[in-house]
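# Structural description and commentary
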Amino acid sequence: MKKLFVSVIALMAVATLSAQDVTAIYNEAAAAYGAKDYAGAAAKFEQVIDQGLDNEEAASLVATAKATLPKCYFMLGGASLKGQDYEAALTNFTKSAELAELYGDMTQLAKSNGWVAKIYQIQGGDAFNNKDYATAASVFEKGYKADPDNTSMALNLAMSYCELGEYEKGMEIYEAIAAKTHPKYADDAAKAKEMMALYTNNKVAEMQGAGDYDGIIAMADAQLEKNPASALFQNVRLQAYANKKDYDKVIELAQGAIDAQTDEEDKSLMYYLLGAAYNAKEMRPQAIEAFQKVTAGAAVENAKTALSELTK
């Protein structure tokens, strides 16, 4: 019994000493942080976490160390970036993000990942400007994974994919940018829509040249499965069915395509295709009604000609 009593006393002494040691290490870490010795502070805060993790008396110190450690690496990343040592900056910002995620600091995670993305944006910039789209895409992919809200880099990633012939991957990125509604993304969202139209028109022209209307329809269907309200792909699909002379399908899909359009010229084109389909099916009243709704763009004159024939 006496031997057991002594052992318990000894264990209590060790626990007390351990708490004191953790406090001492914590104080060294705090002093280093205050002196802007972030590498030294990080090393000490890591010791606090490791040695105090199972010590209830050190719980508050461990919690503070966990909150501060990601900030140490963030500050180290900033110092490396200021010195244009991008690899060291990337290492430190990435470490900061990993620790912030591990310890549940979502605000710090977003900040750290934001800088990870910016560094990848810088690193991929030369390749992109030199039209080395394969290298650019491989770098921008990492940045996009870290921060999908870096829309200027995302635009370059999407363009890199499209220039490499990876149309679907490019469209996925463009769609994500175009879907952003915060005013700060307005310019990039508008650019994404512009580039989507450009690359889609190029793709459609290529497939039309080969007479591959079914391929165009399949491409549009795949995009509409992800975003049924896409004005662009509703437009593309309806034109493909019209070119294929599948007038029943044009009539079936026209209203959905019309409703999706936000541009009056595009809306008028959809009405013109509908009118032409009704006319081909010898559905005169419906054709007249559709042609009368063509009010803007290049289709207006053709609609007027068709109406003059139908109303003789």
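Look up a bit, the structure's there.
What comes next concerns the included structure. Small disclaimer: the values here were computed from a predicted structure and weren't measured.

What counts, and at which threshold
- Each residue is numbered by its place in its chain's sequence as written, counting from 1.
- Reporting of local features is limited, given that this is a predicted model, to residues whose pLDDT is at least 70; pairs of side-chain atoms are given and counted only at 80 or more, and all residues count toward the totals for whole chains, interfaces and linings.
- Each side-chain value is worked out from all heavy atoms of the structure, with water and hydrogens disregarded.
- Strands are runs of DSSP state E lasting at least 2 residues, helices are runs of H or I lasting at least 4, and numbering of each runs from the N terminus.
- We compute the radius of gyration over the C-alpha atoms and compare it with the globule rule, which gives 2.2 Å times the number of residues raised to the power 0.38.
- Three exposure classes are used, based on accessible area relative to the maximum for each residue type with a 1.4 Å probe and protein chains only: buried under 20%, partly exposed in between, and exposed over 50%.
- In what follows, a contact means two residues having at least one pair of non-hydrogen atoms within 4.5 Å.
- Between the N-to-C directions of two axes lies an angle of 0 to 180 degrees, each axis being a line fitted to C-alpha atoms and, for a helix, fitted only over the stretch in contact.
- Reported orientations rely on four angle classes, namely roughly parallel under 35 degrees, roughly antiparallel over 145, roughly perpendicular from 65 to 115, and oblique for the rest.
- Helix crossings are classified by the rotation of the near helix relative to the far one: an anticlockwise turn of less than a right angle makes the crossing left-handed, while a clockwise turn makes it right-handed.
- Three categories are distinguished: nonpolar for Ala, Val, Leu, Ile, Met, Phe, Trp, Tyr, Cys and Pro, charged for Asp, Glu, Lys and Arg, and polar for the others, with Gly belonging to the last.
- Working definition of a nonpolar core: buried Ala, Val, Leu, Ile, Met, Phe, Trp, Tyr and Cys residues. They are joined through side-chain atoms within 4.5 Å.
- In the sections that follow, a salt bridge refers to a side-chain nitrogen of Lys or Arg positioned within 4 Å of a carboxyl oxygen of Asp or Glu.
- Pairing of aromatic rings covers Phe, Tyr and Trp, the last counted by its six-membered ring, and requires centre-to-centre distances within 6.5 Å; plane angles under 30 degrees mean stacked, over 60 mean edge-to-face, and any other angle means tilted.
- By the criterion applied in these results, polar contacts are pairs of N or O atoms within 3.5 Å in which, for protein atoms, one can donate a hydrogen and the other can accept it, and in which residues neighboring in sequence qualify only through two side-chain atoms.

When helices and strands are counted, the protein shows 15 helices and 0 strands. A compact globule built from 312 residues should have a C-alpha radius of gyration of about 20 Å, whereas the protein, at 31 Å, is more than 25% larger. Dimensions along the principal axes, computed over C-alpha positions, put the protein at roughly 115 × 50 × 30 Å. By the burial criterion, 42% of the 312 residues in the protein qualify as buried. Considering only intrachain contacts with a sequence separation of at least 6, the fraction spanning at least 24 residues in the protein is 49%.

This brings us to the side chain of Thr200. Within the secondary structure layout, Thr200 lies in helix α9 (residues 186-209). Sequence-distant contacts of Thr200, that is, excluding residues within four places in its chain, are made with Tyr167, Met171, Met219, Leu232, Phe233 and Val236.

Before going further, it helps to spend a moment on the packing of helix α11 (residues 231-243) against helix α12 (residues 247-260). Two numbers describe how α11 lies on α12: the axes approach to 9 Å, and their chain directions differ by 160°. Classed by the angle they form, the pair α11 and α12 counts as roughly antiparallel. Two packed elements cross with a definite hand, and for α11 against α12 that hand is left-handed. In contact with Ala231, Gln234, Arg237, Leu238, Tyr241 and Ala242 of α11, α12 contributes Tyr247, Lys249, Val250, Leu253, Ala254, Gly256, Ala257 and Ala260. Residue composition of the contact of α11 with α12, grouped by class: 10 nonpolar, 2 polar and 2 charged.

A few words now on the nonpolar core. Ranked by size, the top nonpolar core spans 70 residues in total, and within it Met171, Ile173, Tyr174 and Leu238 carry the most contacts. Here Ile173 is in contact with Tyr144, Ala154, Leu157, Ala158 and Tyr161, once residues within four sequence places are set aside. With 20 residues, the next largest nonpolar core counts Val22, Tyr38, Phe45 and Leu76 among its residues.

Before going further, it helps to spend a moment on the pattern of salt bridges. Taken as a whole, this structure holds 11 salt bridges when the rule is applied. One salt bridge connects Asp105 with Lys71, and the closest N-O pair in it is separated by 3.5 Å. With a gap of 34 residues between them, Asp105 in the loop between α4 (86-102) and α5 (106-129) and Lys71 in helix α3 (residues 59-82) connect regions that are remote in the sequence. One salt bridge in this structure joins Lys180 and Asp149, with 2.6 Å as the shortest N-O distance. Taken together, the residues span a long stretch of sequence, with Lys180 in the loop between α8 (167-178) and α9 and Asp149 in the loop between α6 (133-146) and α7 (151-163) at a distance of 31 residues. When its relative accessible area of 38% is taken as the criterion, Asp149 is described as partly exposed.

The next point concerns the packing of aromatic side chains. Evaluation of the coordinates by the stated rule reveals 8 aromatic pairs. Between Tyr174 and Tyr199 the ring centres are 6.5 Å apart and the planes differ by 20°, which places this aromatic pair in the stacked class. Taken as a pair, Tyr174 in helix α8 and Tyr199 in helix α9 lie far apart in primary sequence, 25 residues in all. You can call Tyr174 buried: its relative accessible area is 1%. Taking the relative accessible area as the measure of exposure, Tyr199 reaches 10% and is therefore buried. A centroid spacing of 5.5 Å and a plane angle of 50° characterise the contact between Tyr272 and Phe291, whose relative ring orientation is tilted. Residue Tyr272 is found in helix α13 (residues 264-280), and its partner Phe291 is found in helix α14 (residues 284-291); the two are separated by 19 residues along the sequence. What links up through ring pairs into an aromatic cluster is the set Phe74, Phe93 and Trp115.

Even without glycine at this site, Gln84 takes up a positive phi of about 60°. Checked against the element boundaries, Gln84 lands in the loop between α3 and α4. When its relative accessible area of 59% is taken as the criterion, Gln84 is described as exposed. Positive phi outside glycine occurs at Lys245, with the angle close to 65°. Within the element layout of this structure, Lys245 appears in the loop between α11 and α12. You can call Lys245 exposed: its relative accessible area is 58%.

Here we come to the environment of Ser308. In this fold, Ser308 is placed in helix α15 (residues 299-310). For the pair Ser308 and Ser230, spaced 78 residues apart in sequence, the C-alpha separation works out to 33 Å. In this structure the side chain of Ser308 is engaged in a polar contact, spanning 2.6 Å, whose partner is the backbone oxygen of Thr305.

Another point: the environment of Leu61. Note on placement: Leu61 falls in helix α3. Sequence separation between Leu61 and Asp214 is 153 residues, and the spatial gap between their C-alpha atoms is 65 Å. The contacts of Leu61, once residues within four sequence positions are left out, are Val22, Thr23, Tyr26 and Val48.

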